[in-house]
Each structure stands twice: as structure tokens, then as C-alpha cells.
Amino acid sequence: RFFNEQRRWLTQVIHQGVTAGELPAGTDTKTWATTFLAALEGAMLVSRGLGDYRHFDIVTDSLLTALFAA
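Just so we're clear, the structure is a prediction, and the values are computed from it rather than from any experiment.

A. Fine view of helix H3 (residues 54-69). For H3, which comprises 16 residues, the first-to-last C-alpha distance of 23 Å matches the rise-based estimate of 22 Å (1.5 Å per residue) to within 8%. The complete set of buried residues in H3 reads Thr60, Leu63 and Leu67. Each buried residue of H3 lies within a common arc of 65° when the element is viewed along its axis, so the set occupies one face. Of the exposed residues in H3, the ones pointing more than 90 degrees away from its buried face are Arg54, Ile58, Thr65 and Ala69.

Okay, structure coming up:
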């Protein structure tokens, strides 16, 4: 249930960005929400396992760059 709620929320946020013209028109909001959720969860695990939390920031920055370029 947690992941479904997170994906629902992210889908809404990304949709609002598209509607406001902050993100490219035609952005697949549900796919991006699922991608963000999966990547951020994975980044947390990897960062924790490596003991270096900069990896989380690197993944976050990369995702945002890709989303705004989509």
C-alpha cells in the first residue's frame, strides 16, 4: 500500500508540473512516477550499503535532469 500511495502522489506531482508548463507536454506521468519511486528506493539501499549517501543525491539529480529534458 505504501508504494501505491507514493506512486499515486508522484504521478499527481508530475502531472501538475506538466499542466503548469514546468515539464514537457506529453510526459508519461505514471511511468515517470514508477521510475522515480524505484530509482529512489534503490538509491537508498545502495547508498546505505556503500556507506556513502552522496549516491542518493547523484541518482536524484540524474532523474530530475532526465525528467526535465523528456
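B. Representation of helix H1 (residues 2-19) within the structure. Counted at 1.5 Å a residue, the expected span for H1 with its 18 residues is 26 Å, and the 26 Å between its end C-alpha atoms agrees. Three or more residues of H1 are buried, namely Leu10, Thr11, Ile14 and Gly17. All buried residues of H1 project into a common sector of 125° when viewed along the axis, lining one side. In H1, the exposed residues that point more than 90 degrees away from the buried face are Gln16 and Thr19. Of the surrounding elements, those touching the buried residues of H1 are helix H2 (29-50) and H3.

C. How the structure looks around the packing of H1 against H2. Where H1 contacts H2, the two axes come as close as 8 Å, and the packing angle between them is 125°. Of the possible angle classes, the one that applies to H1 and H2 is oblique. Remark: the crossing between H1 and H2 carries right-handed chirality. When H1 is examined against H2, the residues Phe2, Phe3, Gln6, Arg7, Leu10, Thr11, Ile14, His15 and Val18 are found in contact with a partner set consisting of Thr29, Lys30, Trp32, Ala33, Thr34, Phe36, Leu37 and Glu41.

About the thresholds
Residues numbered from 1 in each chain as written. Predicted model: local features only at pLDDT ≥ 70, side-chain atom pairs only at ≥ 80, totals over all residues. Heavy atoms only, no water. Helix = DSSP H or I, 4+ residues; strand = E, 2+ residues; numbered from the N terminus. Expected span 1.5 Å × (residues − 1). Buried < 20%, exposed > 50% of the residue type's maximum accessible area, 1.4 Å probe, protein only. Arc of directions from axis to C-beta. Contact = heavy atoms within 4.5 Å. Axes fitted to C-alpha atoms, helices over the stretch in contact; angles between N-to-C directions. Parallel < 35°, antiparallel > 145°, perpendicular 65-115°, else oblique. Left-handed = near helix turned anticlockwise from the far one by under 90°.

This is a description of form; function is not addressed.
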